Amino acid sequence: MNSGETSSSQNGSNSSVPRDTSCPLTEEELDRYSRQMIVPGMGKEAQLRLLNAKVLIIGAGGLGCPAAQYLAGAGIGTIGLVDGDVVERSNLHRQVGHSTSRIGQPKVSSLMTHLKGLNPLPNYVAHECHITPLNAADLVAPYDLILDCTDNPATRYLISDVCVLLEKPLVSAASVQTSGQIIVLNCPPTPQGQLEGGPYPPCYRCCFKKPPPANAQLSCGEAGILGPVVGLMGVAQAGEAIKILASALHASPSKKGTPRHPVEPTLLLYSYSLTSFLSPFTFRALKMAPRKKNCFACGEGSQARLTLEGLKRGEPDYEFFCGGLGSGPGQGVLSAEERISPREFVETVQQHGKEEGKGKYVVLDTREKEHFSFGSIEGAVNVPFGKLLSKAAQMKRSGETPEVEDILPPEVKIEDSGGDENVPIYVVCRRGLDSQEAVEKLKEMGLDRGGKRKIVDIAGGMKAWKEQVDPSFPYL
Amino acid sequence: MSDPKDQKVDITVDFSGGLEILFSNQKHHALSVPAQDSEGKPANVGFLIKYLCQTLMTDPRADLFVLGDELRPGILCLINECDWELEEEDAYVLQPGDNILFISTLHGG
Ligand SMILES: [Zn+2]
């Protein structure tokens, strides 16, 4: 097929004028993509590259929804979607490719419905599963470019490793609370272990050598996320993907000694504040190092450490490396006497307290104030976990033996309890982990007065409270 | 002439990605830090990390920032917007006007 530009017909005015019929775009495509195709630097060639491109979006959530929308709109030829979850109501503030009517449906089919409404032309491929070391290579192999829109460290390392092995460019983004990050990795794709003649682009492990310890990992479910923050990162991923595909960066692998394009790995950081307008710190473009010689996945000798066969055998062990997926309630550290179930608390402590009058016990709620603002156990005092630890450390430094009042906010007064100064303290948190640590901390501070005062954990936190005591409690 | 022990270097330190909760919930800090460490060597980023733990950190959960004497895994340090691996990592000697940024890597989506 002749794809060269012909200009012979440009000035013709008679009806039999020869016309360049080499344009393989249909009437509908010409119309649909016209506004992006006339952007300087785009044109027919770039649009054809998009139409022939295959992109895999892993994760159909807060990043994947906006990314997929713009890629579908732009006419990417094949769009694969990977996700094993179903749509929940609490997703919808940010996962805008789903809908209220599709709650309960698999995310992949829900998002596909949305994308087909936007643009029916692309070929959409559903992968209703999570990515695992067993299926990762088969999922990734047919595609030209991968978007990491997932939500946990283990899959992030897995996806990057597979992209190194299969030489795929990767656009990786992440977001939690009010921060977002995006970086283009392994682009142009470079053979594993190649260092000579570099610098070459980094992989995820080059930039983020080790995951944070499990206790420092924040998930959107636990820590919260603002829709526009994660949405912006997802849109930026689509933007980077279109850039790479339109300029064919994905199809120009770095051959030995000839990095075709300057390697300028950049981590874009979006840091949003609920209390200030755009500031110099809102967007920052940070310069990252290129491929590292000592990188586990792409550095010197990496072919011996990381292989497709190894992945299927469970090497490396991503779960172990990242300290376990998710964060289910951990093992308790307290003895049975130091714990009480929410039901038991209501039946024995609260009822008893009501009979004997107020001030017989203190309920310390260690959740963040945002959680506390939606409701709490009657009479509970809010001392967020971090603040409690700060106070404890402060007192330890000053060498004082604290009173209960010292750890409570100044406006809270414990009413006179008729001479009984050893009012018991019940500690509650969201899911029952921080509260156990808080109990230990309070004892360490000497607040249990050598065992005279009971300091007890309300087991399972407000989550268990909702399950056992008050089904209408606004647990977030 | 002032005693070299009293000399200070003015820098700015930023925290992002949630690390700010350890530092009075403030993301941007303008600091005057000692120009020398206790042994009289010029203050470097390694010294700054210890100094921040001792003087600026308000939350006692230091293990969310350092493990042993090192920055905990999952935190990037950027010196004037460049990954510190492009400089000399913790051996980089602080210069007046430097911006040191600590960010926690994110995984949610
Ligand atoms: Zn690497």
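Everything numeric here is computed off the predicted structure, so don't read it as measured data.

(A) Highlighting the interface of chain B and chain A. Listed per partner, the contact involves 30 residues of chain B and 44 residues of chain A. Across the chain B/chain A interface, buried area totals approximately 2,900 Å², and carbon plus sulfur atoms make up 59% of it. Of all residues in chain B, Leu106, His107 and Gly109 of chain B give up the largest surface area on contact with chain A, accounting jointly for 26% of the area buried on that side. At the boundary of chain B and chain A, one finds three salt bridges. On the surface where chain B and chain A come into contact, there are 16 residue pairs in polar contact (both at pLDDT 80 or more).

(B) Molecular detail of the side chain of Arg94 of chain A. All names here are of chain A. Position of Arg94 among the secondary structure elements: in the loop between β2 (78-82) and α5 (107-118). With no salt bridge to any partner, buried Arg94 finds its closest opposite charge in Asp151, at an N-O distance of 6.8 Å. Reaching out from Arg94, the side chain makes a polar contact with the backbone oxygen of Ser90 at a distance of 3.4 Å. When sequence neighbours within four positions are dropped, the list of residues in contact with Arg94 reads Gly62, Cys220, Ile225, Gly227 and Val230.

(C) Structural view of the environment of Cys53 of chain B. Residue and element names in this part refer to chain B. Here Cys53 shows up in helix α1 (residues 45-56). Residue class for Cys53 comes out partly exposed when judged on its relative accessible area of 24%. Each residue touching Cys53, except ones within four places of it in the same chain, is listed here: Phe65 and Val66.

(D) Structural view of the packing of helix α16 (residues 385-398) of chain A against helix α18 (residues 434-444) of chain A. All names here are of chain A. Running from N to C, α16 and α18 point in directions that differ by 15 degrees, and their axes come no closer than 11 Å. Taken together, the axes of α16 and α18 are roughly parallel relative to one another. Regarding α16 and α18, the two cross each other, and that crossing is left-handed. Contacts between α16 and α18 involve Phe385, Leu388, Leu389, Ala392 and Lys396 on the former and, on the latter, Asp434, Glu437, Ala438, Lys441, Leu442 and Glu444.

(E) Representation of the packing of aromatic side chains in the model. With the rule as written, the count across this model stands at 15 aromatic pairs over all chains. Their ring planes at 5 degrees and their centres at 3.9 Å tell us that Phe15 of chain B and Phe23 of chain B sit as a pair that is stacked. Taken as a pair, Phe15 of chain B and Phe23 of chain B share a single burial class, namely buried. Taken together, the ring pairs connect Tyr157, Tyr204, Phe208 and Phe321 of chain A into an aromatic cluster.

(F) Summary view of the UniProt feature "modified residue: 1-thioglycine" (unreviewed entry) in chain B. Look at the UniProt record and you will see "modified residue: 1-thioglycine" (unreviewed entry) annotated at Gly109 of chain B. Mapped onto the elements of the fold, Gly109 of chain B is located in the segment after β7 (99-104). Every residue in contact with Gly109 of chain B, bar those within four places of it in the chain, is listed here: Gly61, Gly62, Leu63, Thr150, Asp151, Ser175, Cys220 and Val230 of chain A.

(G) Local environment of the confidence of the model for chain B. Averaged over chain B, the pLDDT score is 92; the fraction of residues at 70 or greater is 97%. Scored as a complex, the prediction yields pTM 0.85 and ipTM 0.92.

(H) Focus on the domain arrangement of chain A. Split into domains, chain A comes out as domain 1 (7-321) and domain 2 (336-468). Of note, the centres of domain 1 of chain A and domain 2 of chain A, computed from C-alpha atoms alone, are 47 Å apart.

(I) Region of interest: a nonpolar patch on the surface. A cluster of nonpolar side chains, contributed by Leu232, Leu278 and Phe283 of chain A, occupies part of the molecular surface with about 310 Å² of accessible area. Residue position: Leu232 of chain A is located in helix α10 (residues 227-246).

(J) Seen up close, the pattern of salt bridges. Residues and elements named next belong to chain A. Overall, the coordinates contain 19 salt bridges over all chains when judged by the stated rule. Of the charged contacts, one joins Glu315 and Arg313 as a salt bridge, the two residues approaching to 3.3 Å between their closest N and O atoms. Several salt bridges converge on common partners, so that one network encompasses Glu222, Arg430 and Arg431.

(K) Spotlight on the UniProt feature "binding site: ATP" (unreviewed entry) in chain A. Residues and elements named next belong to chain A. According to UniProt, the positions carrying the feature "binding site: ATP" (unreviewed entry) are Gly62, Asp83, Ser90, Asn91, Leu92, His93, Arg94, Lys107, Asp151 and Asn152. Locating Asn91 in the fold gives a position in the loop between β2 and α5. By relative accessible area, which is 7% here, Asn91 ends up buried. When neighbours within four sequence positions are excluded, Asn91 is seen to be in contact with Val86 and Lys107. In this structure, Asp151 sits in the loop between β4 (145-148) and α7 (153-165).

(L) Structural detail: the coordination of the zinc ion. Residues and elements named next belong to chain A. Coordination of the zinc ion by the protein comes from Cys203 (SG), Cys206 (SG), Cys295 (SG) and Cys298 (SG), over a distance range of 2.2 to 2.3 Å. Taken together, the four donor atoms surrounding the zinc ion define angles of 94 to 120 degrees at the centre, an arrangement classified as tetrahedral. Mapped onto the polypeptide sequence, the residues donating to the zinc ion form the spacing pattern C-x2-C-x88-C-x2-C. The two residues Cys203 and Cys206 agree in class, both being buried.

(M) Spotlight on a negative patch on the surface. Residues Glu368, Asp434, Glu437 and Glu440 of chain A together with Asp63 of chain B make up a contiguous surface patch of negative charge. Mapped onto the elements of the fold, Asp434 of chain A is located in helix α18.

(N) A look at the sheet that holds strand β12 (residues 425-428) of chain A. Residue and element names in this part refer to chain A. Pairing within the open sheet is parallel, and its five strands lie in the order β9-β13-β12-β10-β11. Looking at strand neighbours, the two that pair on one side only are β9 (339-340) and β11 (381-382), the edges of this open sheet. Both β9 and strand β13 (residues 455-458) contribute to a ladder of two bridges, which runs parallel. The residue of β13 that forms the bridge with Arg339 is Asp457. Across the sheet, α18 lies against β9, β10 (362-365), β12 and β13, angled at about 175 degrees from β13, the strand it touches most.

(O) Main features of the pairing of strand β3 (residues 123-127) of chain A. Across five bridges, the pairing between β2 of chain A and β3 of chain A is parallel. Bridged to Gly80 of chain A within β3 of chain A is Val125 of chain A.

(P) Quick peek at the side chain of Arg102 of chain A. Assignment of secondary structure puts Arg102 of chain A in the loop between β2 and α5. Nearest to the buried, unbridged Arg102 of chain A among oppositely charged side chains is Glu128 of chain A, at 11 Å.

Cut-off values and rules
Residues numbered from 1 in each chain as written. Chains lettered and ligands numbered in written order. Predicted model: local features only at pLDDT ≥ 70, side-chain atom pairs only at ≥ 80, totals over all residues. Heavy atoms only, no water. Contact = heavy atoms within 4.5 Å. Buried area = accessible area lost by both parts, 1.4 Å probe. Salt bridge = Lys/Arg side-chain N within 4 Å of Asp/Glu carboxyl O. Polar contact = N/O pair within 3.5 Å; in protein donor to acceptor, adjacent residues only side chain to side chain. Helix = DSSP H or I, 4+ residues; strand = E, 2+ residues; numbered from the N terminus. Buried < 20%, exposed > 50% of the residue type's maximum accessible area, 1.4 Å probe, protein only. Lys, Arg positive; Asp, Glu negative; His and termini not counted. Axes fitted to C-alpha atoms, helices over the stretch in contact; angles between N-to-C directions. Parallel < 35°, antiparallel > 145°, perpendicular 65-115°, else oblique. Left-handed = near helix turned anticlockwise from the far one by under 90°. Phe/Tyr/Trp six-rings, centres within 6.5 Å; stacked < 30°, edge-to-face > 60°. UniProt positions renumbered as here; feature names shortened; annotations may be inferred. pLDDT = per-residue confidence, 0-100. Domains from an automatic or database assignment. Patch = residues over 30% accessible without salt bridge, like charges linked within 9 Å, V, L, I, M, F, W, Y side chains within 5 Å. Areas by Shrake-Rupley, 256 points an atom, 1.4 Å probe, with all protein chains shown as cover. Donors = N, O, S within 2.8 Å, 3.2 Å for Na, K, Ca; no water. Tetrahedral: all angles 85-135°; square planar, octahedral: opposite > 155°, others 65-115°. Charge placed at Lys NZ, Arg CZ, Asp CG, Glu CD. Pairing = 2+ DSSP bridges.

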